[in-house]
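The chain contents come next:
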Amino acid sequence: MSDTSSSTPAPVVLDVWCELQCPDCRTALDDVRALRARYGDRLEVRLRHFPLEKHKHAFAAAQAAEEALEQGKGWEYVEAVLGRVEELDRRGEALLVDVARELGLDAEEVDTALIDGRHILIVDADQAEGKAIGVTGTPTYVIDGERLDGGKSQEGLRARIETLADALLGQA
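Residues numbered from 1 in each chain as written. Predicted model: local features only at pLDDT ≥ 70, side-chain atom pairs only at ≥ 80, totals over all residues. Heavy atoms only, no water.

(A) Quick look at the overall build of the chain. Helices and strands together make up the secondary structure of the chain, namely eight helices and four strands. Moving toward the C terminus, one meets the helices and strands of the chain in the order β-α-β-α-α-α-α-α-α-β-β-α. Relative to a compact globule of 172 residues, whose C-alpha radius of gyration would be 16 Å, the chain shows 17 Å and is just as compact. Its C-alpha atoms give the chain principal-axis dimensions of about 50 × 35 × 30 Å. Total accessible area on the chain stands at roughly 8,900 Å², and carbon and sulfur atoms take up 49% of it. (Helix = DSSP H or I, 4+ residues; strand = E, 2+ residues; numbered from the N terminus. Rg over C-alpha atoms; globule rule 2.2 N^0.38 Å. Areas by Shrake-Rupley, 256 points an atom, 1.4 Å probe, with all protein chains shown as cover.)

(B) Layout of the sheet that holds strand 3 (residues 140–143). Spatial ordering of the open sheet is given by 2-1-3-4, a layout of four strands whose pairing is mixed. Because the sheet does not close on itself, it has two edges, and the strands there are strand 2 (43–49) and strand 4 (146–149). On average, adjacent strands in this sheet sit at an angle of 20 degrees to one another, irrespective of strand direction. Bridge count between strand 3 and strand 4: four bridges; the pairing is antiparallel. Paired with V142 across the strands is R147, a residue of strand 4. (Pairing = 2+ DSSP bridges. Axes fitted to C-alpha atoms, helices over the stretch in contact; angles between N-to-C directions.)

(C) Inspection of the state of the cysteines at higher detail. Going through the model one piece at a time under the given rule, you end up with zero disulfides. Free of any disulfide, C25 has its nearest neighbouring cysteine sulfur in C22, separated by 3.4 Å. C25 gets classed as buried once you look at its relative accessible area, which sits at 2%. (Disulfide = S-S within 2.5 Å. Buried < 20%, exposed > 50% of the residue type's maximum accessible area, 1.4 Å probe, protein only.)

(D) Summary view of the side chain of H119. Here H119 is to be found in the loop between helix 6 (107–116) and helix 7 (120–132). You can call H119 buried: its relative accessible area is 2%. Ignoring sequence-local partners within four residues, the contact set of H119 consists of Q63, E66, E67, E70 and A113. (Contact = heavy atoms within 4.5 Å.)

(E) Spotlight on helix 8 (residues 157–168). Counted at 1.5 Å a residue, the expected span for helix 8 with its twelve residues is 16 Å, and the 17 Å between its end C-alpha atoms agrees. Where helix 8 is buried, its residues contact strand 1 (12–18), helix 1 (23–39), strand 3 and strand 4. Positive backbone phi, at 75 degrees, marks G170, one or two positions downstream of helix 8. (Expected span 1.5 Å × (residues − 1).)

(F) Local environment of the pairing of strand 1. Most of strand 1 is tucked away, with six of its seven residues classed as buried. After leaving strand 1, the chain enters helix 1 and then returns to the sheet as strand 2, a path that is right-handed. Sheet topology places strand 1 next to strand 3; four bridges connect them, and they run antiparallel. Paired with L14 across the strands is I143, a residue of strand 3. (Right-handed = clockwise from strand over helix to strand, strands pointing away.)

(G) Spotlight on helix 1. Taking 1.5 Å per residue, 17 residues should reach 24 Å; helix 1 reaches 25 Å between its end C-alpha atoms and fits that length. The largest bend in helix 1 comes to about 25 degrees, at L29. Those residues of helix 1 hidden inside the fold are in contact with strand 1, strand 2, helix 3 (74–82), strand 3 and helix 8. Two residues or fewer after helix 1 comes G40, characterised by a positive phi angle close to 55 degrees. (Bend = angle between axes of the 7 residues up to and from the residue.)

In structure tokens:
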């Protein structure tokens, strides 16, 4: 791999283990937005799925989010669904398709993806990796190999992530 002095450094990766029926993940969106605003392209925020068994629509929501990502509006979809956690509890998959339609996605394709299970392997792989690294709840963040659990409290997490990101980006 050749390295040219004009190349931009690779962005710092922040994995966000999330569950779309989780009220704590909705709260965490403010931190994710603030981190995006601060770092822009220097921070790659990656959605990782960790549907919890106690939320019966979370697995379907993760699959729908993957389809939305494929259609170019992954985070927009995630934010829209998390903004309606209570409605997801009540309406399930019908809400997932409605949100896709509202965002201008191909809602039929989202519905079909839920039926044919084309994204199940991605969701399963994320969940397995999460379990392997000690994720037990959502949201959980991983940056530079350090796991930060946000399920109990978001307090101080964004500052910790910023400290790690700044160090990785050479701005300490």
